[in-house]
Amino acid sequence: MKKIFYMLAACIMVQTTQAQDASVEKSIFGVQTGFLGIWVHNEVKLANQFALRTEVGLDAGLFINSDSNIDGLALIPALTLEPRWYINLNRRQEKSKRIDGNSGTFISLKTTYHPDWFVITSENKNSYTFISDISIIPTIGIRRNIGKHFNYEVGGGIGYVRYLDDDYTRFFDASDVAANLHLRIGYRF
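Conventions adopted
Residues numbered from 1 in each chain as written. Predicted model: local features only at pLDDT ≥ 70, side-chain atom pairs only at ≥ 80, totals over all residues. Heavy atoms only, no water. Core = buried A, V, L, I, M, F, W, Y, C linked by side-chain atoms within 4.5 Å. Buried < 20%, exposed > 50% of the residue type's maximum accessible area, 1.4 Å probe, protein only. Contact = heavy atoms within 4.5 Å. Phe/Tyr/Trp six-rings, centres within 6.5 Å; stacked < 30°, edge-to-face > 60°. Helix = DSSP H or I, 4+ residues; strand = E, 2+ residues; numbered from the N terminus. Lys NZ or Arg CZ within 6 Å of the ring centre and 35° of its normal.

Asker: For this particular structure, what's the right way to read the nonpolar core?
Answerer: Proteins that are soluble and globular tend to have nonpolar side chains buried together. Ala22, Val24, Ala51, Tyr86, Leu89, Ile99 and Phe106 together form the largest nonpolar core, which totals seven residues. Contact partners of alanine 22, with chain neighbours within four places excluded, come to Asn48, Gln49, Leu89, Asn90, Gln93 and Ile99.

In structure tokens, the structure reads:
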């Protein structure tokens, strides 16, 4: 009976030591660029699989001026707060895949504020105005590392956007559907 007890205890101890939780990194700082902008970000560990990403950057967009039919590119400041849940870190670690730099699949709630501070356009005219907005978009994506410092992210989601006037109040009750489709490549410091 003692032999069975000791074998059972040894099996439990071995199982416990192998069941270590994979964890996101304490803090990650980096820069990313993609088709529609450039961003500087920081991710801070909240729990083993949860991180809070803060981001400052310039989101790009295309515009058409109906009066003069001018097509162009605009860069608008963006402030983002995004809690992320990395859902497959344990599985990636079990398969001996990289999890450094928070490499894995994530689910997040991306909250972005576009203030009306300035607009950079391809036209050298200052006659363009921008209406501030706040968007909340549930997103699923992946991050993978390329070497030691480079990484890429792919993700997407559909959510909600609310447009604001100058006093940061609702603008004609204007709300709409927002999409977050991103393909980014970045450098981790």
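Asker: So what exactly am I meant to see when it comes to the packing of aromatic side chains here?
Answerer: When we look at a pair of aromatic rings, we describe it by the centre distance and by the angle of the planes. If you walk through the whole model with that rule in mind, you get five aromatic pairs. On the numbers, 5.9 Å between centres and 10° between planes, the contact of phenylalanine 50 with tryptophan 85 is stacked. Taken together, the residues span a long stretch of sequence, with phenylalanine 50 in strand 3 (residues 50-65) and tryptophan 85 in strand 4 (residues 70-86) at a distance of 35 residues. Measuring from ring centre to ring centre gives 5.1 Å for tyrosine 187 and phenylalanine 189, while their planes differ by 75°; the resulting arrangement is edge-to-face. The class for phenylalanine 189 is exposed, based on a relative accessible area of 58%. Cluster of aromatic residues (ring-pair linked, three or more members): Phe29, Phe150, Tyr187 and Phe189. Here arginine 184 stacks its cationic end above the ring of tryptophan 39, 3.7 Å away from the centre of that ring.

So, to be careful, I would describe these as geometric facts and stop short of saying anything about function.
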